[in-house]
Amino acid sequence: MEDLRRLVAIPSVAFPGHPDEPVLAAAALTEELLRSTGLPHVRQIPVPGSFPAVYAEAPAPPGAPTVLLYAHYDVQPPGDLSLWRTHPFEPTLIDGHLFGRGAADDKSGVISHVTALRAFRGRPPVGVKVIIEGQEEYAGERLEEFVERNPELLRADAIVVADTGNPRVGDPSVTTSLRGMGGFTIEVRTLKEAVHSGQFGGPAPDALAALIRMLAALHDDNGDLRVPGLPRGAFLGTGPTEDEFRASAGVLDGVSLTGSGSIADRLWASYAITVTGLDVPTVSGAVNAVQPVARARVTVRVPPPATPSPPWTP
């Protein structure tokens, strides 16, 4: 718990515009923690265009496979601090839960690997490789490029990614796949500059109103996608009940869930489109003007193929 507190207290935001020093400090602490496991080889490795990855390894005993362990030490920006109940980088224990930015995603993943490796006192029963990266939240493709250039460094018989979760405390789970993601920015321009809504409102094309209509057209009235080529999927296993999902997501009383099909269908087997940001005037800074430009950031969650891939054989 103390190691997790130390790691969460570092504001390791690897997004542009944030200082590099805390991210490098988190890399240094991650290296220190991996050295404490007794693994014989631990070092930081430069990743071009990104922050260093922390790498560790122990050779496999004769006849044993090699397992690659993955996590990341960077975190999302904290956003509006006024919306936090506790300070994001002052880890706070409440009712057995540690609150802080990255306490779950993904510094707990780092600590999970470290704790498991410590249990073997540097002599695990299999070969171990560990890669803990420093810019997953912003630019994970940097590590992808690194892996393509260094396949032997990370070659393994199995990979354990400590960057998921379990449905509830005490319910061990293994996540075998997640939906992928694509993202894009939509920009609408209609006027050379903003114009007075009293003089020009009505016939003057409003960029914000046009963008709102575009975004609203992505879903039908039930919340299902209307985009051609993005069908609903069916999940073959079980998933959370509606009550469990509402409680987990913090859905307010009287607010309906969106879409059709089971919760599992919508969570794990179907596409999902989310508007994650808008560049428009704020309510507090609004003026009586027809807007000339508006932008939105839209992400699409992409489910695995409906037809499973053939089993992998080493």
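Presented here is a report on the structure given in the accompanying data block. In this text, all values refer to a predicted model and were calculated from it rather than measured experimentally.

### Things to note about unusual backbone geometry
Thought 1: A cis geometry characterises the amide bond from Asp105 onward to Asp106, with omega recorded as 10°.
Thought 2: Look at Asp95: it is not a glycine, yet its phi comes out positive at around 50°.

### Quick look at the packing of aromatic side chains
Thought 1: Taken as a whole and assessed by the stated rule, the structure comprises two aromatic pairs.
Thought 2: Both rings, one in Phe15 and one in Tyr138, keep their centres 5.2 Å apart while their planes meet at 55°; by these two values the pair is tilted. Residue Phe15 is found in the loop between helix H1 (2-8) and helix H2 (20-35), and its partner Tyr138 is found in helix H4 (residues 136-139); the two are separated by 123 residues along the sequence.

### Describing helix H8 (residues 207-216)
Thought 1: Of the positions making up H8, those classed as buried are Ala207, Ala210, Leu211 and Leu215. Down the axis of H8, the buried side of the element spans an arc of 135°, and every buried residue falls inside it. Turned more than 90 degrees off the buried face of H8, the exposed positions are Arg213 and Ala216.
Thought 2: On its buried face, H8 sits against strand E8 (180-189), strand E10 (272-279) and strand E12 (293-302).
Thought 3: Where H8 starts, the residue carrying a side-chain oxygen 2.9 Å from the main-chain nitrogen of Leu208 turns out to be Asp206.

### Some points on the nonpolar core
Thought 1: In this structure, Leu34, Leu39, Tyr73, Leu117, Val130 and Ile132 are the most contacted members of the largest nonpolar core, which totals 30 residues.
Thought 2: Elements with a minimum of two residues in this core: H1, H2, strand E2 (53-58), strand E3 (66-72), helix H3 (107-119) and strand E6 (127-133).
Thought 3: Here the element with the most residues in this core is H2; it accounts for six residues.
Thought 4: Excluding its chain neighbours within four sequence positions, the residues that come into contact with Ile132 are Thr30, Leu34, Pro52, Ala53, Val54, Ala71, His72, Tyr73 and Val110.
Thought 5: Grouped together as the second largest cluster of nonpolar side chains are twelve residues, Ala207, Ala210, Ile273 and Ala294 included.

About the criteria used
- Residues numbered from 1 in each chain as written.
- Predicted model: local features only at pLDDT ≥ 70, side-chain atom pairs only at ≥ 80, totals over all residues.
- Heavy atoms only, no water.
- Phe/Tyr/Trp six-rings, centres within 6.5 Å; stacked < 30°, edge-to-face > 60°.
- Helix = DSSP H or I, 4+ residues; strand = E, 2+ residues; numbered from the N terminus.
- Buried < 20%, exposed > 50% of the residue type's maximum accessible area, 1.4 Å probe, protein only.
- Arc of directions from axis to C-beta.
- Contact = heavy atoms within 4.5 Å.
- Polar contact = N/O pair within 3.5 Å; in protein donor to acceptor, adjacent residues only side chain to side chain.
- Core = buried A, V, L, I, M, F, W, Y, C linked by side-chain atoms within 4.5 Å.

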